[in-house]
Amino acid sequence: MLTEPPLLKMNNVSKLYRSHSETVAAIDSANLTINRGERWAVLGPSGSGKSTLLSILGLLDQPDKGHYFFDGDDVSRLDGDTRAFIRNRHIGFVFQSFNLLPRLSSLDNVALPLLYRGISRAEAHELARQQLERIGLGDRLDFRPASLSGGQCQRVAIARALVGQPDLILADEPTGNLDSANAEDIFDLLMSLNVEHKVTLIIVTHDDALAQRMDLQLQVKDGRVA
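So, how was this worked out
Residues numbered from 1 in each chain as written. Predicted model: local features only at pLDDT ≥ 70, side-chain atom pairs only at ≥ 80, totals over all residues. Heavy atoms only, no water. Helix = DSSP H or I, 4+ residues; strand = E, 2+ residues; numbered from the N terminus. Rg over C-alpha atoms; globule rule 2.2 N^0.38 Å. Buried < 20%, exposed > 50% of the residue type's maximum accessible area, 1.4 Å probe, protein only. Areas by Shrake-Rupley, 256 points an atom, 1.4 Å probe, with all protein chains shown as cover. Lys, Arg positive; Asp, Glu negative; His and termini not counted. Charge placed at Lys NZ, Arg CZ, Asp CG, Glu CD. Pairing = 2+ DSSP bridges. Contact = heavy atoms within 4.5 Å. Axes fitted to C-alpha atoms, helices over the stretch in contact; angles between N-to-C directions. Phe/Tyr/Trp six-rings, centres within 6.5 Å; stacked < 30°, edge-to-face > 60°.

A.B. asks: Outline the overall build of the protein, supporting the account with residue identities and numerical values.
C.D. replies: Along the protein, the regular secondary structure elements total seven helices and 10 strands. Its C-alpha atoms give the protein a radius of gyration of 18 Å, within 12% of the compact-globule value 17 Å for 226 residues. Considered along the principal axes of its C-alpha atoms, the protein spans approximately 50 × 45 × 40 Å. When each of the 226 residues of the protein is scored for burial, the buried share is 47%. As presented, the protein carries roughly 11,200 Å² of accessible surface, and 48% of it is formed by carbon and sulfur atoms. On the protein, the mean spot of the 24 positive side-chain charges and the mean spot of the 29 negative ones are 3 Å from each other.

Here it is as structure tokens:
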């Protein structure tokens, strides 16, 4: 019987940056295995390497050393176009600052990843509408980000991350710009989506209480991942 490979696997991955005359390891010889459907919290002080780790996991950046496997395939040295293709079809991103396009409506913001795939505008809008209705924003389809609350903007960002039915959601401080009530609401939404859609969820957070509700935790300090 064939066993399913882990969704993500790092073997001795390092990411190096030059700072003046020295080389600094933002990520230093990381080994990591993450299976489908798991929920991980990533913890660590500012500047520890958390964002660099997320960039590598999300194929926004490449390791300088080691190997990174996505769904069994070594994606360590892929060119930019191939990485973008995989990101668009398999990875959803949720950011602290929402990263919505201000001139687009909620519907158009959510539809955008599907349009990049070459899906027709009518079909992309229908799928985006369905996703926004699922997360309680069916009455905000035509609203631009400036007309939405912070919690609503983050819901739009989550709908955009989910509309392409990704295998992985990477959330970088997704509740950092929200008050405590909205933060709890958004976190509960992400957790429920993990359960309902079996999507693998990795959240960078400074909130220990939220991190404790995840299945597993990654500690990042001085580029070391434990």
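A.B. asks: Report on the sheet that holds strand E9 (residues 216-221), specifying residues and quantitative values.
C.D. replies: Read across the open sheet, the six strands follow the order E6-E7-E8-E3-E9-E10; overall the sheet is mixed. The outermost strands of the open sheet, each flanked by one partner alone, are strand E6 (91-95) and strand E10 (224-225). Strands in contact with helix H5 (residues 150-162) are E6 and strand E7 (168-172); relative to E6, the strand with the most contacts, it is inclined by about 170°. Across the sheet, helix H6 (residues 180-197) is in contact with strand E3 (39-43) and strand E8 (200-204); its angle to E8 comes to roughly 155°.

A.B. asks: Describe the packing of aromatic side chains, and please don't skip the residues or the numbers.
C.D. replies: Any pair of aromatic rings gets described here by the distance separating the centres and the angle formed by the planes. Counted according to the given criterion, the structure contains one aromatic pair. Seen in terms of ring centroids, Phe93 and Phe95 are 5.9 Å apart; in terms of plane orientation they differ by 5°. Their pairing is stacked. Residue Phe93 is classed as buried on the basis of its relative accessible area of 16%. Judged by relative accessible area, Phe95 falls into the partly exposed class, the value being 27%.

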